[in-house]
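Take a look at the letters that make up each chain.
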Amino acid sequence: MLCLSARHWALRLPHQLTLTSCLLLPSLALLSSGTSASVQAAQSEDKSRDLKRPGPRIAIIGSGVAAASAAYFLRDKFGSNCRMDIVTDESSATLVGGRLGVANFDGRKFESGGSIIHDKNLYMRHFADVLGLSRLYHGEETRLAVFNGRDTVLDTSDWYLVKMVQLLHRYGLAAFVQLRKFVSGMMEDFGRVYARQNAGQAYTNVLGLLSAMSDSFPAMATETIEKLLESSGFSSEFINELVAGAMRNNYGQNVSIHGFVGAVSLAGAEGGLWSVRGGNRLIVANLLSRLAQSQQADEAESGKVRLLLNSRVTQIAKDREGWTVTSTDASRSTVVEQYDQVILTVPPSQHFNIEIKDVKVPRVDYQTTVATFVKGRLNHDWLGLRSRQSEYSVLTGTPASPLDFNSIGYQHDVDKNPSDNVYKVFSQRVLTAEQVNQLFTNVESTHSVSWLAYPLYRRGLSINASFVLADGLYHTSPIELAASAMEMSAIAGRNAALLAFNDWTGKAAELTDPSGGGQPKPADQVLVQRDEL
């Protein structure tokens, strides 16, 4: 999901219901049921009992959230009895981060990818805490408007109490009560994954992982979010305006996306949204750098972690010794390395170009997202906005006519300082100068960032995909078929680490469960040891 604005307008109702955090939950973040402290890696009581032979040499292909999570939890499970290479085509350790990115614009840095994290994203919160990164909490300073292509059907006030009255008048109190009930149930079920993973449980496919959270989750992925909400009693007005606006903002798609990913997009019905000072990419960059620098001078060669930059992987092949990974380095020389296990974190999108011999990687169409940063003033007349002084977040809802953009949001920089009339526009294509000048007046400069952000959640998309491509070859990206989110990637990274560890130590039959059976520990019994890098 993608953040509309670094700060959100919000409606708070009893029990801390925050509508805007729910509807504008930014990219790649997902709520879980809460535990009172940040989840730390569940350390083995005695790793030597698990490791009956020397540890493996493992390659992690990619350098995003899933790669960082996999490396972190492999280090936790194997200790120093494992050698890891994180292989990435990024040119600098400061640039790693996958689809987390920072745009330099107007003399400042702005989030261009995943923008907001929730306090109950327990893995992302844990990583930030271990790394000593500062959290910047976001408030509710912008007005919210919903534009349908012809008219602005909602334009809230700057005044909090007036906003509440406007929303309740248009959608009714029952809609927000229903929303909180819908989201809180999902949050409670989702939180089971932390206890299961702390117990060492791993899953070979997406359906098994979702089923481990709730038997209802796989079924949610078989119908649209529109039908799911209609059957729960939500009005068509609420769905086609606020919910559709959230889907177009967060995933660049409409209410025909499947119900589970749609629910993820609505999963922020509480406060506690934050970002990392300096940019969320620092979580990945600092975690990988710390892991690579954490070796003790007297540590055996088998315990080293290397961050291999400027390395473009071209081929992965099985042989008698395990797996060979072929790559080209900065000088375009061919490098061949031998590994026991490989964790692939690169999405199988239109740009996937790694040859994996005798292994078929199902391709998935990914949605192109363009973030256009504009320094200028909103065209209030064209958008039909009442206030000419306020900072706005504009959703497009279900458009009455085709639109060139999905959302517009006033921006704060990565240190949460207000910008000088900088807005971020999400669209499927690069905006032309004519389109920009239709949305803004007094345009001084623009800058666009385009990337394949998440799968196209079209009707019929199957989530029945495997995390295991072959013996010793694991893939984290299938989790995005259920939902693309930072916390989902972190969960997939830990799942891959557990699959690798369980296979290597002979625990797969005991702790790898494709069906998701078994009872998790209660949330308050999840291990929360302190684990410094």
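Residues numbered from 1 in each chain as written. Predicted model: local features only at pLDDT ≥ 70, side-chain atom pairs only at ≥ 80, totals over all residues. Heavy atoms only, no water.

1. Re the overall build of the protein
Step number 1: Along its length, the protein carries 17 helices and 24 strands.
Step number 2: Counting across all 533 residues of the protein, residues that qualify as buried make up 62%.
Step number 3: Once local pairs closer than 6 in sequence are excluded, the contacts in the protein between residues at least 24 apart make up 77%. (Helix = DSSP H or I, 4+ residues; strand = E, 2+ residues; numbered from the N terminus. Buried < 20%, exposed > 50% of the residue type's maximum accessible area, 1.4 Å probe, protein only. Contact = heavy atoms within 4.5 Å.)

2. Let's talk about the confidence of the model for the protein
As a note on interpretation, predicted positions should not be read in detail where pLDDT is low.
Step number 1: Across the protein, the average pLDDT comes to 85, with 83% of residues at or above 70.
Step number 2: For the stretch residues 516-532, pLDDT sits under 50, and the model shows 37 contacts to residues farther than four places along the chain or on other chains. (pLDDT = per-residue confidence, 0-100.)

3. As for the packing of helix α5 (residues 160-171) against helix α11 (residues 236-251)
Step number 1: Between α5 and α11, the least distance of the axes is 10 Å, while the angle of their chain directions is 135 degrees. For the element pair α5 / α11, the angle class is oblique. Packed against α5, whose contacting residues are L167, R170 and Y171, the element α11 presents E237, F238, E241 and L242 at the interface.
Step number 2: Along the lines of polarity and charge, the residues of the contact of α5 with α11 split into four nonpolar, no polar and three charged. (Axes fitted to C-alpha atoms, helices over the stretch in contact; angles between N-to-C directions. Parallel < 35°, antiparallel > 145°, perpendicular 65-115°, else oblique. Nonpolar A, V, L, I, M, F, W, Y, C, P; charged D, E, K, R; others polar.)

4. Describing the nonpolar core
Step number 1: The biggest cluster of nonpolar side chains holds 116 residues, and the ones touching the most others in it are I60, L74, F127, F238 and F260.
Step number 2: Examining the composition of this core, we find that twelve residues originate from one element, helix α16 (residues 486-505), more than from any other.
Step number 3: Composition of this core by domain shows at least three residues from each of domain 1 (57-97 + 279-364 + 461-505) and domain 2 (138-200 + 213-275 + 366-455).
Step number 4: The residues contacting L74, other than those within four sequence positions of it, are I58, I60, G79, M84, I343, A497 and A500. (Core = buried A, V, L, I, M, F, W, Y, C linked by side-chain atoms within 4.5 Å. Domains from an automatic or database assignment.)

5. Regarding the pattern of salt bridges
Step number 1: Applying the stated rule across the entire model yields 18 salt bridges.
Step number 2: The salt bridge partner of R388 is D381, with a shortest N-O separation of 2.3 Å.
Step number 3: Judged by relative accessible area, D381 falls into the exposed class, the value being 58%.
Step number 4: Sharing partners across several salt bridges, the network here consists of R57, D85, R306 and E337. (Salt bridge = Lys/Arg side-chain N within 4 Å of Asp/Glu carboxyl O.)

6. Here we look at the environment of S289
Step number 1: Inspection of the secondary structure assignment puts S289 in helix α13 (residues 281-293).
Step number 2: We classify S289 as buried; its relative accessible area is 18%.
Step number 3: Within polar-contact distance, the side chain of S289 engages the backbone oxygen of A285 at 2.9 Å. (Polar contact = N/O pair within 3.5 Å; in protein donor to acceptor, adjacent residues only side chain to side chain.)

7. Structural notes on the sheet that holds strand β8 (residues 135-137)
Step number 1: Spatially, three strands are ordered β7-β11-β8 in an open sheet, and the strand pairing comes out antiparallel. Of all strands in the sheet, those bounded by a partner on one side alone are β7 (117-118) and β8.
Step number 2: Bridge count between β8 and strand β11 (residues 273-276): three bridges; the pairing is antiparallel. In the strand pairing of β11, R135 is matched with V276. (Pairing = 2+ DSSP bridges.)

8. Section: the packing of aromatic side chains
Step number 1: If you walk through the whole model with that rule in mind, you get 19 aromatic pairs.
Step number 2: For the ring pair F110 and F373, a centre distance of 5.9 Å and an interplane angle of 35 degrees mean the geometry is tilted. With F110 in strand β6 (residues 108-111) and F373 in strand β18 (residues 366-378), this residue pair connects regions lying 263 residues apart in the sequence. Like F110, the residue F373 is buried in the burial classification. (Phe/Tyr/Trp six-rings, centres within 6.5 Å; stacked < 30°, edge-to-face > 60°.)

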